[in-house]
Amino acid sequence: MKQIISIICMLPFVASAQVVKLEGAKVHQYKQVGEAKLFLHVYNPDGHKDSDQKPAIVFFFGGGWNGGTPKQFEPHCQYLSQRGMVAITAEYRVKSRNKTTPFECVKDGKSAIRWVRANANKLGVDPSRIAAGGGSAGGHLASLMALTQNRTEFQPGFETADTSIQGCVSMYGVYEFS
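A brief look at the structure comes next.

Cut-offs applied
Residues numbered from 1 in each chain as written. Predicted model: local features only at pLDDT ≥ 70, side-chain atom pairs only at ≥ 80, totals over all residues. Heavy atoms only, no water. Phe/Tyr/Trp six-rings, centres within 6.5 Å; stacked < 30°, edge-to-face > 60°. Helix = DSSP H or I, 4+ residues; strand = E, 2+ residues; numbered from the N terminus. Buried < 20%, exposed > 50% of the residue type's maximum accessible area, 1.4 Å probe, protein only. Contact = heavy atoms within 4.5 Å. Salt bridge = Lys/Arg side-chain N within 4 Å of Asp/Glu carboxyl O.

### Structural notes on the packing of aromatic side chains
Applying the stated criterion across every chain yields a total of three aromatic pairs. Taking the centre distance of 4.8 Å and the plane angle of 0° together, the rings of phenylalanine 59 and phenylalanine 73 count as stacked. Separated by 14 residues along the polypeptide, phenylalanine 59 in strand β3 (residues 54–60) and phenylalanine 73 in the loop between β3 and α2 (74–81) bring together distant segments of the chain. One exposure class covers both phenylalanine 59 and phenylalanine 73, and it is buried. On the basis of an interplanar angle of 65° and a centroid distance of 6.1 Å, the ring pair of phenylalanine 60 and tyrosine 92 is categorised as edge-to-face.

If you want it as structure tokens, here you go:
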């Protein structure tokens, strides 16, 4: 009985080490840090072509900087892609899986924006119309990205890359710490 309980308790951690599968999304690896591979799950509008210049949004999941999954924003991505946007939900490192702090999360978020902009012509994205969004810690992450655009201390290894975003959708992010 103890073995069964132990296995059930470990399932969330085993599942988090695998690539998340989201219905209808194309998966692209945007970063690797040590053994941690980070992916973007891209939802395209119907009839989308690489030559298109669509606006894009990159969503970041919530979870108190400790956990979470890009599946949180799967319905948002499906909704927006059905209305003509390229909608992306991103993986980033978190404390429970990667022993990181929020600072690494911001670096991962900026890496995601850098990758989307650098690959805009392959994704059919207008590089001048990229937004970030998220909920809870992900909303805080999107807000931090908006407020620290092109700040080199959050862009190690890609200091000259344009990490600016043209919009921020923050849902129930934490902003007051007093």
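### Description of helix α6 (residues 137–147)
By the criterion of burial, α6 is predominantly enclosed, with eight of the eleven residues buried. Looking at the buried residues of α6, the elements they touch are β3, α4 (102–118), β5 (125–135) and β6 (167–171).

### Quick look at the pattern of salt bridges
Tallied over the entire structure, the rule returns seven salt bridges. Lysine 31 serves as the salt-bridge partner of aspartate 108, at 2.7 Å between the closest nitrogen and oxygen. With aspartate 108 in helix α4 and lysine 31 in strand β1 (residues 26–33), this pair connects stretches of sequence that are 77 residues apart. With a relative accessible area of 0%, aspartate 108 lands in the buried category. In this structure, glutamate 153 engages arginine 151 in a salt bridge whose closest nitrogen and oxygen atoms are separated by 2.5 Å. Look at the salt bridges and you will find they share partners, linking Lys31, Arg93 and Asp108 into a network.

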